[in-house]
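Below are the chains, spelled out letter by letter.
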Amino acid sequence: MPETIDIGLLEYPGAQEAALLGLADLFEIANRPDPPTLRVARWRIESDYLVPTEPSGHPSVVIVPSGKGGPVPSEVARTFAAGLRRLHSAGTILASVCVGAFILGETGLLNRRSATTHWGAAEAFVARFPDVNLDVDRLIIDDGDIITAGGMMAWTDLGLKLVERYLGPTAMMETASTLLIDPPGREQRYYSTFVPSLNHGDTAVLSAQHLLHASFADDITLADLASKSRLEERTFLRRFRKSTDMTVTEYLQRFRMNKARELLQFGKYPVEVIAWRVGYTDASAFRKVFQRIVGLSPSEYRRRFRA
C-alpha cells in the first residue's frame, strides 16, 4: 500500500458543505504517526475533466457528498458523468452519500447493481435510474469499486468504512471514539472487509474486475472474463493473479462472501436465499466457503452482527 492515499471530495452546486468539511476532518483525525496517510483534496469539473483544487495524486477514492436541496438535477449531475467514468476506468473507487447517488447514477456505472440513497429520494431515483437495484433499507452498500451510503449524515459511516479499509480497524475504532460515533458491529474480531486491488495499472484485468463486481451472482465463465479483458485465457489468468494476488476463483469467492455478510447483517433472508442471491445453488457449499473465509458459520455471523 502506498504511503499516501489520496481521497477526493467532489464539489458540485448544492453540495453539503458540512459533509465536505466533516469528511476532511474525519480523515485528518484518523491519520496515524506511521504511514499510510490519508490526504484529502477537493475536486471540481473543468472542461469535462475532474481536476483537484489542491495538491493530489491519482485518487484512490472520489466521494460525491450529500446535497442540500434534494435530488441533484439531471443537468447538474450529467456534467460530472464523463469525468467520473474516466477515474473509475483508471481504478478509482467511486462513493456517494445521500443524493450524491444521483450523480453516480448519471455515469451508468450503477446499472444492474445495488445502490442506496436517502429514502425520501427513492421515488425520484427509481424514475431516473430504473436499471439500478435501489435498496433504501441499507445504510451502506459496498460493491468494492463503488460504495453508496444513504442519509445526509451517512458520510460519517462512509468515512469510517474507508478508514477501516485503508488504515485498519484499530484506527477506525479510535476515530469513532474520538468523534463519539458508534460503528455497530465493526469492533467484532470476526468482522473483515474484502478490499479489491484496483490501482494495479492493468486496465485489461481491471475491466474483468468491473464485470465480476457488477455480475458476481451470475455464472461468469473464464471465457467471459477473457473476452472482457481482450486477452487469451492463459494470459488473462496469469495477469489477473499478478494484479490481485488471487486466482479468479478466490477473488470471486471473497467478493461473494463480502456481499453475503451484508445480507446477513442487514437483511432478513434465510441463509438458503442468501446463498442463491450471491451465486450459489448449493447452500451447503455456500456455508463451507463462508466458514472458511469469515471464520464463522452464516448463522453465527448473523447472531453476532445483526444490525
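That block above? That's the structure.
This is a predicted model, so every value here is computed, not measured.

1. Some points on the nonpolar core
Logical step 1: Counting 60 residues, the largest nonpolar core has Phe27, Ile63, Leu84, Ile103 and Val163 as its most contacted members.
Logical step 2: The biggest single contributor to this core is helix H6 (residues 155-167), with seven residues.
Logical step 3: Excluding residues that lie within four positions of it along the chain, Ile63 makes contacts with Ile7, Gly8, Leu9, Leu10, Leu23, Phe27, Ala95, Val97, Leu158 and Leu162.
Logical step 4: Among the nonpolar cores identified, the runner-up in size contains 35 residues, and Ala204, Ala208, Met257 and Phe305 belong to it.

2. Some details on the packing of aromatic side chains
Logical step 1: Summed over all chains, the structure comprises 10 aromatic pairs.
Logical step 2: Lying over the aromatic face of Tyr49, Arg86 brings its terminal NZ or CZ to 3.9 Å of the ring centre.
Logical step 3: When the ring centre of Tyr280 is taken as reference, the NZ or CZ atom of Arg256 above it lies at 5.3 Å.

3. Structural notes on the sheet that holds strand S5 (residues 93-97)
Logical step 1: Taken together, the seven strands give an open sheet; going across it, the order is S3-S2-S1-S4-S5-S9-S8, and neighbouring strands pair in mixed fashion. The open sheet has two edge strands with one neighbour each: strand S3 (49-52) and strand S8 (140-142). Within the sheet, the average angular offset between the axes of one strand and its neighbour, ignoring direction, is 25 degrees.
Logical step 2: Judged from the three bridges that link them, S8 and strand S9 (residues 146-149) form a sheet pairing that is antiparallel. Among the inter-strand pairings, Asp142 is bridged to a residue of S9, identified as Ile147.
Logical step 3: With respect to the sheet, helix H1 (residues 17-30) is in contact with strand S1 (4-10), strand S2 (37-46) and strand S4 (61-64), its orientation differing from that of S2 by roughly 155 degrees.

4. Thoughts on the layout of surface pockets
Rolled over the atoms, a probe with the dimensions of a water molecule shows which regions are left empty.
Logical step 1: Approximately 540 Å³ is the volume attributed to the largest pocket.
Logical step 2: If you trace the largest pocket, you find 24 residues lining it, with Ser114, Asn133, Phe216, Leu263 and Arg277 closest to the centre.
Logical step 3: Of all the secondary structure elements, the ones that give two or more residues to the lining of the largest pocket are strand S7 (133-134), helix H8 (203-214) and helix H11 (248-266).
Logical step 4: Counting residues per element, the lining of the largest pocket draws most heavily on H11, which supplies four residues.
Logical step 5: Taken together, the residues of the lining of the largest pocket sort by class into nine nonpolar, five polar and 10 charged.

5. Overview of helix H14 (residues 298-305)
Owing to its 3.6 residues per turn, the α-helix aligns residues three or four sequence positions apart on the same side.
Logical step 1: Here H14 has its buried residues at Pro298, Tyr301, Arg302 and Phe305. Viewed along the axis of H14, the buried residues span an arc of 100 degrees, placing them on a single side of the element.
Logical step 2: Next to the buried residues of H14 lie H11, helix H12 (271-277) and helix H13 (283-294).

6. Observations concerning H1
Logical step 1: Over its 14 residues, H1 extends 20 Å from the first C-alpha to the last, a length consistent with the 20 Å expected when each residue adds 1.5 Å.
Logical step 2: For H1, the complete set of buried residues consists of Ala19, Leu20, Gly22, Leu23, Leu26, Phe27 and Ala30.
Logical step 3: At its buried positions, H1 is contacted by S1, S2, S4, H6 and helix H7 (169-179).

Conventions adopted
Per chain, the residues get numbers from 1 upward, laid out in the order the sequence is written. Since the coordinates come from a predicted model, pLDDT governs what is reported: local features require at least 70, and pairs of side-chain atoms require 80 or more to be given and counted, while whole-chain, interface and lining totals use all residues. The basis for every side-chain value is the complete set of heavy atoms in the structure, and neither hydrogens nor water enter the calculation. Only buried residues count toward a nonpolar core. Its members are Ala, Val, Leu, Ile, Met, Phe, Trp, Tyr and Cys residues joined through side-chain atoms within 4.5 Å. Relative accessibility under 20% of the residue-type maximum defines a buried residue, over 50% an exposed one, and the middle range a partly exposed one, all with a 1.4 Å probe and only protein chains included. Each helix is a run of H or I in the DSSP string that is no shorter than four residues. Each strand is a run of E no shorter than two, and both are numbered from the N terminus. In what follows, residue pairs with any heavy atoms lying within 4.5 Å of each other are defined as contacts. Pairing of aromatic side chains requires ring centres within 6.5 Å, counting the rings of Phe and Tyr and the six-membered ring of Trp. Pairs whose planes differ by under 30 degrees are stacked, by over 60 edge-to-face, and all others tilted. Note on criteria: charge over ring means Lys NZ or Arg CZ within 6 Å of the ring centre, with the direction from the centre no more than 35 degrees off the ring normal. At least two bridges found by DSSP between two strands are what make those strands a pair. Axis definition: a line fitted to C-alpha atoms, limited for helices to the stretch in contact. Angles are taken between N-to-C directions and run from 0 to 180 degrees. With a 1 Å grid laid over protein atoms only, a set of points is called a cavity when a 1.4 Å probe fits there but cannot get out and a pocket when it is open yet has protein on both sides within 12 Å along at least five of seven lines; lining residues have an atom within 4 Å of a point. Grid points are joined across faces, edges and corners, and a volume is the space filled by probe spheres set on the points. For this classification, the nonpolar set comprises Ala, Val, Leu, Ile, Met, Phe, Trp, Tyr, Cys and Pro, the charged set comprises Asp, Glu, Lys and Arg, and every other residue, Gly included, is treated as polar. To obtain the arc, one takes the directions from the helix axis to the C-beta atoms. To estimate the expected span of a helix, subtract one from its residue number and multiply by 1.5 Å.

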